[in-house]
Structure formats: C-alpha cells, structure tokens
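# Coordinate analysis (summary)
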Amino acid sequence: QLQLVESGGDLVQPGGSLRLSCAANGFHLDDYSIGWFRQAPGKELEGVSCFSRSGGISDYYLDSVKGRFTFSRDNANNTVYLQMNSLKPEDTAVYYCAAVRGPMCSVPYDYWGQGTQVTVSS
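Below or above, wherever it landed, is the structure these notes cover. (Residues numbered from 1 in each chain as written. Predicted model: local features only at pLDDT ≥ 70, side-chain atom pairs only at ≥ 80, totals over all residues. Heavy atoms only, no water.)

## Focus on the environment of Asp-10
Rules: Comment: elements are numbered from the N terminus, with helices defined as DSSP H or I runs of at least four residues and strands as E runs of at least two. Exposure categories follow from relative accessible area, calculated using a 1.4 Å probe and restricted to protein chains: below 20% of the type maximum is buried, above 50% is exposed, and the middle band is partly exposed.
Residue placement: Asp-10 occurs in the loop between strand S1 (3-7) and strand S2 (11-12). The partly exposed category is assigned to Asp-10, whose relative accessible area is 46%. Asp-10 sits 83 residues away from Ala-93 along the chain, and the two C-alpha atoms are 11 Å apart.

Structure below.
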C-alpha cells in the first residue's frame, strides 16, 4: 500500500533543533512535490512550507519559520527532511508531510503522513 511514514518528533528545549523525516513506501518520492503542515493544540491546520519537484514560484516558507527551517530531499533513500533549528514554544504542534504528484506544489495532495509530535518546552 502507498504510504508516507514520518518520524523525528520529540520534546526539545527552546533554542534546540530537530530533524523530521518523511519516507515514501510504494512510490518514488522524486516524482512528487512535498508540503509540510502543522496543527498546534486548539488551532486549525496551517501550511508551513511547500517544495516543488523542480523548484519555482510555488515554493515557500511560513514567515515565522524563515531562516530557521530548511528542506532537503534524499532521492537515493526515497526520503525528505525538514531541519528545524532555533525552535520556539510556538512551534509546538503535530507536523505532517504530504505529497502531490508533479513538478509544482498544488492541491489536493495525494498522500499524507501520519503526523509526528514536536513539543518545545523548558
């Protein structure tokens, strides 16, 4: 069955770092553009970033994470990563990756990960 499997969420102190992983099973992730989303307690789901397969105007970061979060793609391991640095308490949320087939970010997404909990607290 086609799946996205997430890992890497944890409890971390303010100013700390985490790397979230999103691995594809049953399909080639290099054929897809990738979105990252998060849902904080009591709040609606919000888009964090989207990274097109080819790059372009559809790529973005949420303003509050610019300069702190970075994306990378490891085609050999069929995995993408979100490196999260200088974490703040307001980054606390369940984080989701999602994939849409094609060279540009667009909706609806074809596949969603199960989510991974990130908690930033002293």
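On we go.
## Re the side chain of Glu-6
This is how it is decided: Charge counting treats Lys and Arg as positive and Asp and Glu as negative, with His and both chain ends excluded. For this document, the term salt bridge refers to a Lys or Arg side-chain nitrogen within 4 Å of an Asp or Glu carboxyl oxygen. For this analysis, a polar contact is any N or O atom pair within 3.5 Å, provided that within protein one partner can donate a hydrogen and the other can accept it, and provided that sequence-adjacent residues contribute only side-chain to side-chain pairs. Contact definition: two residues touch when any of their heavy atoms are within 4.5 Å.
Note on placement: Glu-6 falls in strand S1. Of the side chains with opposite charge, Arg-38 lies nearest to the buried Glu-6, which makes no salt bridge, at 12 Å. A polar contact is formed between the side chain of Glu-6 and the backbone nitrogen of Gly-115, at a distance of 3.1 Å. Ignoring any residue separated from it by four or fewer positions in sequence, one finds Glu-6 in contact with Ser-21, Trp-36, Tyr-95, Tyr-96, Cys-97, Gly-113, Gln-114, Gly-115 and Thr-116.

## As for the packing of aromatic side chains
Our working rule: Under the pairing criterion, centres of Phe, Tyr and Trp rings, with the six-membered ring standing for Trp, must be within 6.5 Å; the plane angle then separates stacked pairs below 30 degrees from edge-to-face pairs above 60, leaving the rest tilted. Think of it as a cone above the ring: NZ of Lys or CZ of Arg counts as a charge over the ring if it is within 6 Å of the ring centre and within 35 degrees of the ring normal.
Throughout the structure, instances matching the rule amount to eight aromatic pairs. Consider the rings of Phe-27 and Tyr-111, whose centres lie 4.8 Å apart with planes at 20°: the pair is stacked. With Phe-27 in the loop between strand S3 (18-25) and strand S4 (32-39) and Tyr-111 in strand S10 (residues 111-112), this pair connects stretches of sequence that are 84 residues apart. Aromatic side chains Phe-37 and Tyr-109 sit 5.4 Å apart centroid to centroid with 90° between the ring planes, which places their arrangement in the edge-to-face category. Within this pair, whereas Phe-37 is found in strand S4, its partner Tyr-109 is found in the loop between strand S9 (93-101) and S10, the two being separated by 72 residues in sequence. Taken as a pair, Phe-37 and Tyr-109 share a single burial class, namely buried. An aromatic cluster is defined as three or more aromatic residues linked by ring pairs; in this entry it consists of Phe-27, Tyr-32 and Tyr-111. One cation-aromatic arrangement involves Arg-19 over Tyr-81; the distance from NZ or CZ to the ring centre is 4.2 Å.

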